[in-house]
Amino acid sequence: MNRIRAMTEQDVTPVSRLLGDSWRRTYAPIMGAETTARLSDDKHAPERLAAELKDDNKMSFVAERPDGSIAGYAMAAMDEKGDVMLDRLHVDKSEFGSGLATDMLHAVLAAHAGIASIALEVIEGNDRAVAFYRKHGFEMVEKREAAHGVAGHASLIMRRPLSRA
């Protein structure tokens, strides 16, 4: 059984690899292989992930398998206004259908209890992610140009209210 925990510096390299694989698999058919690789290599470089761990406004989680390997990763960021954005949620392809993505999402949601809502951005065409988030109570609230430097592609902004219990 996988264990969800806070990400540490020791996780940076395997998380970088997981993100690269996930981005290439998901976004190459949408944005093209070259653009996807360039963006992922920049955004998910180990040095960049390590720097994010030091940012008090970001919370990063990993799902660790019993053998110590990383099966999933999620990161949420809070802006200066207190709004929370689920910036990343990725699981290893071998975990598809296992419930791990749901467990990762629940960890992020639980960590932000008391916040009014959480938002996320999905590049249009990532139908698997859109369906997953809709299943978990997110609704599309805006469509805009993608923030990932991908001209000609739209981003879907989705939001879900959080329980204030």
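What counts and how
Residues numbered from 1 in each chain as written. Predicted model: local features only at pLDDT ≥ 70, side-chain atom pairs only at ≥ 80, totals over all residues. Heavy atoms only, no water. Helix = DSSP H or I, 4+ residues; strand = E, 2+ residues; numbered from the N terminus. Rg over C-alpha atoms; globule rule 2.2 N^0.38 Å. Buried < 20%, exposed > 50% of the residue type's maximum accessible area, 1.4 Å probe, protein only. Contact = heavy atoms within 4.5 Å. Areas by Shrake-Rupley, 256 points an atom, 1.4 Å probe, with all protein chains shown as cover. Lys, Arg positive; Asp, Glu negative; His and termini not counted. Charge placed at Lys NZ, Arg CZ, Asp CG, Glu CD. Polar contact = N/O pair within 3.5 Å; in protein donor to acceptor, adjacent residues only side chain to side chain. Salt bridge = Lys/Arg side-chain N within 4 Å of Asp/Glu carboxyl O. Pairing = 2+ DSSP bridges. Axes fitted to C-alpha atoms, helices over the stretch in contact; angles between N-to-C directions. Core = buried A, V, L, I, M, F, W, Y, C linked by side-chain atoms within 4.5 Å.

Where an unreviewed UniProt entry is consulted, the protein appears under the name GNAT family N-acetyltransferase, with the organism given as Mesorhizobium waimense.

Some words on the overall build of the protein
Helix and strand counts for the protein stand at five helices and seven strands. Scanning the protein from its N terminus toward the C terminus, one meets helices and strands in the order β-α-α-α-β-β-β-α-β-α-β-β. Computed over the C-alpha atoms, the radius of gyration of the protein is 15 Å, within 12% of the 15 Å expected from 2.2 N^0.38 for a compact globule of 165 residues. When its C-alpha atoms are laid out on the principal axes, the protein stretches across 40 × 35 × 30 Å. Burial status across the protein gives 45% buried among its 165 residues. If you take every contact in the protein between residues at least 6 apart in sequence, the share linking residues at least 24 apart comes to 61%. As displayed, the protein offers around 8,700 Å² of accessible surface, 49% of which is attributable to carbon and sulfur atoms. Taking the 22 positively charged and 25 negatively charged side chains of the protein as two groups, their mean positions are separated by 3 Å.

Some details on the side chain of E52
Note that E52 resides in helix α3 (residues 46–53). A polar side-chain atom of E52 sits 2.7 Å from a polar atom in the side chain of R88. Aside from chain neighbours lying at most four places away, what touches E52 is K58, Y73, M75 and R88.

As for the pattern of salt bridges
Counted by the stated rule, this structure contains 13 salt bridges. A salt bridge links E64 to R3; the shortest N-O distance between them is 2.8 Å. Pair noted here: E64 is in strand β2 (residues 58–64) and R3 is in strand β1 (residues 3–6), with a separation of 61 residues, a long-range link. For E64, a relative accessible area of 17% corresponds to the buried category. Of the charged contacts in the structure, one is a salt bridge between D87 and R88, with a shortest N-O distance of 3.8 Å. Salt bridges here are not isolated pairs; linked through shared partners, they connect R3, R5, D11 and E64.

Some points on the sheet that holds β2
Each strand in a sheet pairs with its neighbour through backbone hydrogen bonds, running either in the same direction (parallel) or in the opposite one (antiparallel). The strand order across the open sheet formed by seven strands is β1-β2-β3-β4-β5-β7-β6, and the pairing between neighbours is mixed. Each edge of the open sheet is held by one strand with a lone partner, namely β1 and β6 (139–145). Put simply, the sheet's adjacent strands are angled 25 degrees from each other on average, direction ignored. As paired strands, strand β5 (residues 117–123) and strand β7 (residues 154–161) are joined by seven bridges and run antiparallel to one another. Bridging across to β7, E121 finds its partner in I157.

What about the pairing of β7?
Moving residue by residue along a regular strand, the side chains alternate between the two faces of the sheet. Examined bridge by bridge, β6 and β7 share six bridges and lie antiparallel to one another. Considered in β7, the bridge of E142 is made with I157.

Looking at the nonpolar core
Core analysis: the biggest nonpolar cluster contains 27 residues, and L86, L89, M104, I118 and Y133 have the highest contact counts within it. Of all the elements in the fold, those that place two or more residues in this core are β2, β3 (70–78), β4 (84–91), α4 (100–111), β5, α5 (127–135) and β7. Looking at this core, the element that brings in the most residues is α4, giving seven residues. Ignoring sequence-local partners within four residues, the contact set of L89 consists of Y73, A74, A101, M104, L105 and Y133. Ranked by size, the runner-up nonpolar core spans 12 residues in total, among them M7, V15, L18 and L19.

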